[in-house]
Every structure is written in structure tokens, then in C-alpha cells.
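So the chains spell out like this:
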Amino acid sequence: MMIKTTLPLAAISLALFAVPTYAGERIQIVGSSTVFPFATTVAERFGKTTDFKTPVVESTGSGGGLKLFCAGASLDTPNITNASRRIKLSEVKKCASNNVKEILEVKIGYDGIVLANSKKSPAMSVSLKDVFLALAKNVPAGDGKTQPNPYKTWNQVNPALPATKIEVMGPPPTSGTRDAFVELAMEGGCKKFPWIKALKKQDKKAYKVLCHTMREDGAFIEAGENDNLIVRKLEANKNAFGIFGFSFLDQNADAVQGSLIDGVAPSFEKISSGDYPVSRALYFYVKKAHVGKVAGISEFLAEFTSEKAWGDEGYLTDKGLIPMSVAERKSWKSKVENLQNLSM
Amino acid sequence: MTDDFTIIPTPHTRRRHKSELRFQWYGKAAIIAALGFLVLMIGSIGYKGVGVIYQTKIELDIQLNADAFDPAQLRKADFSGLVKTALRARFPDVKNRRQKRRLYGLVSSDAGFELRKMVEGNPNLIGSTIKIQLTASDDIDTFIKGKIDKNLPESDRRVKDVEINWIEKLQADNSVVQVFNTAFFTSGDSREPELAGILSALVGSFFTLLVCFLLSFPIGVLAAIYLEEFAPKNRWSDLIEININNLAAVPSIVFGLLGLTIFLNTFGLPRSSPLVGGMVLALMTIPTIIIASRASLRAVPPSIREAALSIGATRVQTTFHHVAPLALPGMLTGSIVGMAQALGETAPLIMIGMVAFIVDVPASILEPATALPVQIFLWADSPERAFVERTSAAIIVLLGFLVVMNLGAILLRKKFEQRF
């Protein structure tokens, strides 16, 4: 009878608890969804060209990844975490309190964040100030006062812009892209007001609230973490704009176009040279104690930092990574080779 | 003859008949709308995903000079270099660096490995010139399948004029072929859409469901039998019943969090493994199985129990020899429906690390694995355009499995169900 046969099977499956785990046999990577395409590309090549097992890469977001990374030092915790921002001091402390004391930091390149719209509409050229005024919850109302954002159309923000409704889709606050957009574009535009810049010194908290809060009246729409979805929505709604990573613009150049920001178009060259204002650095972090203990970590590091991966013509550029300059690559590579400790 | 019995409809009855007719039409309209949505969904997924059946290959003549190989270490030879040489030989007028890069991009980055496999399989080929079909890159494949519009301005296309020119030349020589895409069914995930397959996700889903079934079926069925046949009916059993019903409605992400804290952090079970995934899904499935099993036990008429008891069977004998076998088809149906639900679940797997990029096909329930719906989620999130096709194809595979499982449940019920 069924029940008589399934009982021993269940017992067997429970007995598997006693089986040792595979800790240390393969590299475990967690972290940012922005770095995910790059880390997985390297992991796949690494698995194919060496005899090591292909590393497992999870997409948990930068913050989530660092949390898992810092949770413990044993070999079955993640060995590497990716981040689309630099590790914070608080996270370093958290790590240290869990015995993860020595961390290797590796910068891998840059990523641009674009404000894009459908190719059916003309491209727009905005300044960071325009972006801030269009998307902030509260905007300056003169004499150092603020008011809830009254702007409904782009030409109310800046007469040079078209008279279309402000409608921008972007990632939710859990996303590293959102963090970077807020920090670089919103705050960048916010600072253009001299009195707000002065406010930073007097009341840092009020400054942050003013510059970092996105409007919630429907002009800015949180469209989820899936950048592809935003691209598809832009195709359908030609007046809307979307905020996403450069690699999605690169892959969908037939459907969407990036707006010029402060007069600079989001192109590979301009982001790489640092002219495009909304770009950020991408990193990953390695537990130094695991190097040599987990099979293949040093070889993986060598693969990631090789010219054929992160170089100007490396395979990561095909995936949309914007490489660092030759000098910067050289300096980071030597840091990796010497396993230099993270210094904040 | 009189017409005494003819009913002459009064305005009132006419209104009642009309309202009945109207109601039937509403019902039909609702069914048509539901079917319409289904057809629309399956149609659009099928339309997008059907292209996966074929993969574009580019046929090249490759010269395998003996001096490029070290017989002791075949692996070390520069296979992708050989592919590049062959491409250059095919289009000798390509000179500048940028164009060469484009030319090499016609074939997948995996072309070197494909050549390696062929040579390793038959080292006697060294020294001759061979014809080999190499996988085309994702952009070329998408172009050949007609999903990139040639008439767009060049800057808006992933495939440029030079590439189209090369492709047309290759096509003129019949060197561009479309073959059945075995890689999609026999390989694991990949960052390159043309190489990505669903096997690792499929095996992962299988292991996960196996663990889930082995845990949830015995536990669920035993709990149901005890509650239905043995437990006294009092306030405590009512409380348990309410809790089980509530448990069935708990959002699945909560079970994922539970799995993270208990199975991973407390028990230290391996992250990303089908074992933990199956355990978490079992937690989710057990209430469904208990509820379905209790319902089918209740459907067994009391006369069966009374007959068994009256000739001296114990309650355990009554239950396991007479009642449970009759209720088994219903229990199995409930379990299969529960498993089908578990098969489509992603949320709880996020927390325990099964939402991951996994290339190697898992060999046991302890190795890192992913599941079908997770694979769909990951591909839908990838920037490369060619993944749209893969995403839809993976959805078709998942739907196929769901249909098979539900069909199985119906057949089981039809075959073994007894009406009293």
C-alpha cells in the first residue's frame, strides 16, 4: 500500500540531514542585480575554461548581498558579494562583529543610469536641475521656502522643454539603481540651488529629506525591479520616461533613446570618460579568509580582473559594463594580486 | 377539442423566462471571455516562444593544422583562435580591428568549445580541413528569425549593415542553417541566450518536487487520517482545523522566511539546495493535502466503517484496510494539485537562495539548483533581447508540466473513484 511504501522513503529523505554539505567546493556569490549579468558571465566562462565547478551567483540586491556576506565567516556563507555602490562603514562594522575582518575590495567598472523615452518621440535634453524639479516631492518656492511639487508638464519645469505630462517610471527604493539615481541625479540637481547647498552644512537631515525624496503624486511611478518591463512600457506610452541601467538602453537601442543630461548623451564613451553625470562604480567584495580555502577563488579573481574580461574590448563590455581607465585597472589589479585589505 | 391546457404566458411569466435566458447568455459570455483570455495568453506566449525550436548555425571550413595541437594536451590548443582564422579566411577583405570584432561576433562565444568537443571526440581529424556547424550569436539568430527590422536606421539596430552583408553572403552559399535546438533541452543556464537551456532548472524542479512530495504526502495524509478518523471532536480539534485552514492561505513568501531562519540558519542545511527548497514547499503543500484528504475521507460512507467494525476489525484495521484505500484517489488528486501549485512557486525560493544563476545540472538534492519558474523570472529580467524567446519557451515547458500533472490528477480520479 501507498502509505507503507512512502513512510520508509520519507525516513530516507530525513536521514539525508546527516549528509555533509558541499561547503568550500564551489564559489558562492550573492549581491547586486546590476552586477549580476557581469558576475554570471565571468562565472560561466570560468566554469568552462577551468576544472572548477561553476560558481553559483544569486541576485539579492546590494544591501541584501552585504547582509548575507557579513552574516558569518564559515565556508558555507557567501564568499563574494557584488555591490552597485561602495560598502558602508556600518556594514564593515557588522562584518567585523561577525568575524569577517579582512575584506578584499574590487572595483570592476562603471554603469550609467539613463533617463530614456520611446524613439517615437523626440529626444529630450535636460539638466540635473530639471530632473530634480520634475521628480522631487518638495521643490523650492523662492526665499528659502519649499512647496509640494506643482509641476505637471515638462515645460513648467523649464520653458525649453516640451509641453508633455511628466510621467517617469523608475525602480523601487530597494534597488541600487534607485539609490544611485537619487544620489547622483536628484541630489546633483538639488545642490544647484545655493541655499540648499548651504542647508547641507546647517541641517544635513533636512537637506537629505529635501533632495532625496521622490514625488508620490503619480508623476513618478515605481515600476518594479525589472528594467525590461520599463522598456516595454515606454514602447507603449510614447510620452513616458524610464530610469534604468545603460545596458538596457544598449540592448534596446531600436526602441528607446537616452535623454541628454547636462548636454551629454549616455554613450559608452561619455560614461567611460566620466562626462556623463549619472554614472556609478560597481564593486565586489571577497572574504580574504576564504581565498585558498574555497576551490578556485584566486583563479576566479584572476579571470575577472583579466584584460579579456574587464578590458576595453573584453567580453564584459559586450554585456554593457563600462570599463575603467587603463591606469585604474592596473591599480585595482595589483590590489587584487596583493590581496590588499579594504580601507574606508 | 378544446384548448384548455394551453398555457397562455402572462406578462409575468414572459419576464421570468426572459430573465432566465438572459442569465444563460451572461454565463456563456463569461466563459467565452475566460477562454478568450486563455487563448490570447497561450497564443502570445506560443508565438514568442516557438522560435526556440530552431537554432541558427553557421557552417565553416576549419583547417586543423597539426602544429596547432599538442597531442598530450588537446585542451590547451587555441580553438577559438582557429575559429577566428576560419572566419577571416572566409571574409579576407575585413581588415580593421572593429570590423574583425564584429566578424568574430557572428558566431557564439562558445564556438571554440564546440570545436574542442568535436576534436576531442575524434583526434584523427587533426591535420585535415573539417566542416563544422557553429552556433550563431544571439543577435544573428534573432535577425535570421526575422525579429530585427532591416529597414530601421543602422544605429538603431543591434545587427549592422556589414553583418547583414556577411550573413547574406553566407546564405548565398547555404552556409547558414537552422537546426533543431537540442542545446535548449540539454544544457543549463547561460549568460549567452543562444547557449541557455532549461535542463538545470528542470532537474532542480524535479528534485525539489521529489523532496516536497516525500515529505508532504505522508505527513499530510497521516494528519488527515488522524484528524478525521481518530481525533475526538472537541475545542482542540476545532482549533487545529481552523489553524490548518489558515495555514493554507498564508502567503508563500512567509514560508520562505521560515525556511531561511530554521532550515538554513538553525539547522545549517546547504543554501540553494533542492532539499531546503522541497522542505519549504512541503510546508506550503501540507495544508492543501490535509484539507483535500480530509474531504475525501469524509466522502467514504459510514456504512463501510460500520461494516468493518461490526465484524471485529480494530479502528486501525478499518481505517487502513477499508477507508483509506477508498479515499486514496481523492488524496492523490489533492496532492497532485498541491504539487502543481508548488511547481509554479518562486517567492519562497528567493529567501533560500534558489533564485540564482546555475549552470551545472545538479546531481543530488544537496547541490545548488534552481527551479523552472525561477528560470523564467531570471530570463525575463535579462537585458539581451533573445532571452524574450527563451522566456516564453520556458513558460511553455512549465505550462506543459502543469497540464500533465493536472491531467494525471483527473485520470487518477476517473480511474479509481468510486461512487456510493
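This text goes with the structure placed above it.
Here the structure is a predicted model, which is why all the values come from computation and not from measurement.

What counts and how
Residues numbered from 1 in each chain as written. Chains lettered and ligands numbered in written order. Predicted model: local features only at pLDDT ≥ 70, side-chain atom pairs only at ≥ 80, totals over all residues. Heavy atoms only, no water. Contact = heavy atoms within 4.5 Å. Buried area = accessible area lost by both parts, 1.4 Å probe. Salt bridge = Lys/Arg side-chain N within 4 Å of Asp/Glu carboxyl O. Polar contact = N/O pair within 3.5 Å; in protein donor to acceptor, adjacent residues only side chain to side chain. Helix = DSSP H or I, 4+ residues; strand = E, 2+ residues; numbered from the N terminus. Nonpolar A, V, L, I, M, F, W, Y, C, P; charged D, E, K, R; others polar. Buried < 20%, exposed > 50% of the residue type's maximum accessible area, 1.4 Å probe, protein only. Phe/Tyr/Trp six-rings, centres within 6.5 Å; stacked < 30°, edge-to-face > 60°. Lys NZ or Arg CZ within 6 Å of the ring centre and 35° of its normal. Axes fitted to C-alpha atoms, helices over the stretch in contact; angles between N-to-C directions. Left-handed = near helix turned anticlockwise from the far one by under 90°. Pairing = 2+ DSSP bridges.

Listed per partner, the contact involves 52 residues of chain B and 52 residues of chain A. Contact between chain B and chain A buries roughly 4,600 Å² in total, counting both sides, with carbon and sulfur atoms accounting for 56%. Counting every contact that joins chain B to chain A gives eight salt bridges. Here Arg26(A) and Glu367(B) are joined by a salt bridge, their closest N and O atoms 3.4 Å apart. Across the contact surface, chain B and chain A share 17 residue pairs in polar contact (both at pLDDT 80 or more). Contributing elements (two or more residues each) for the side of chain B that touches chain A: helix H3 (97-104), helix H4 (111-121), helix H8 (199-230), helix H13 (315-343), strand E4 (356-357) and helix H15 (372-380) of chain B. If one sorts the elements of the side of chain B that touches chain A by residue count, H8(B) sits on top with eight residues. In terms of residue class, the side of chain B that touches chain A is built from 29 nonpolar, eight polar and 15 charged.

With that settled, consider the pattern of salt bridges. Overall, the coordinates contain 38 salt bridges over all chains when judged by the stated rule. Note that Lys333(A) is salt-bridged to Glu337(A), the shortest N-O span being 3.9 Å. Here the residue Lys333(A) and the residue Glu337(A) both occupy positions in helix H16 (residues 326-337), the gap between them amounting to four residues, near one helical turn. A relative accessible area of 57% means that Glu337(A) is categorised as exposed. Look at the salt bridges and you will find they share partners, linking Lys319(A), Arg191(B), Glu192(B) and Glu384(B) into a network.

Enumeration over the complete set of coordinates arrives at 18 aromatic pairs over all chains. Aromatic pair Phe36(A) and Phe357(B): ring centres 6.5 Å apart, planes at 90°, arrangement edge-to-face. Placement of the pair is Phe36(A) in helix H2 (residues 36-49) and Phe357(B) in strand E4, with the two residues belonging to separate chains. In this structure, Phe36(A) and Phe357(B) share a single accessibility class: buried. Put simply, the rings of Phe46(A), Phe52(A), Phe284(A), Phe300(A) and Phe304(A) touch in pairs and so form one group of aromatic residues. Sitting over the ring of Tyr315(A), Arg45(A) keeps its end group 4.0 Å from the ring centre. Taking the ring centre of Phe193(A) as reference, the NZ or CZ of Lys129(A) above it sits at 4.9 Å.

Residues and elements named next belong to chain B. Their axes nearest at 8 Å, the elements helix H11 (residues 274-298) and H13 cross at an angle of 145°. Note on packing geometry: the crossing formed by H11 with H13 is right-handed. Contacts between H11 and H13 pair Leu281, Met284, Thr285, Thr288, Ile289, Ala292, Ser293, Ser296 and Leu297 from the former with Val323, Ala327, Gly330, Met331, Gly334, Ser335, Gly338, Met339, Gln341 and Ala342 from the latter. In terms of residue class, the contact of H11 with H13 is made up of ten nonpolar, nine polar and no charged.

The next point concerns the sheet that holds strand E2 (residues 129-135) of chain B. Residue and element names in this part refer to chain B. One open sheet holds the three strands; their spatial order is E2-E1-E3, and the pairing between them is antiparallel. Each of the sheet's edge strands pairs with one partner strand only, and the pair in question is E2 and strand E3 (176-180). Direction aside, neighbouring strands of the sheet carry axes that sit 40° apart on average. Direction of pairing for strand E1 (residues 54-63) relative to E2: antiparallel, over a ladder of seven bridges. When the bridges of E2 are listed, glutamine 63 appears paired with threonine 129. Packing against the sheet, helix H2 (residues 79-90) makes contact with E1 and E2, and its axis sits at approximately 85° to E1. Strands in contact with H4 are E1 and E2; relative to E2, the strand with the most contacts, it is inclined by about 135°.

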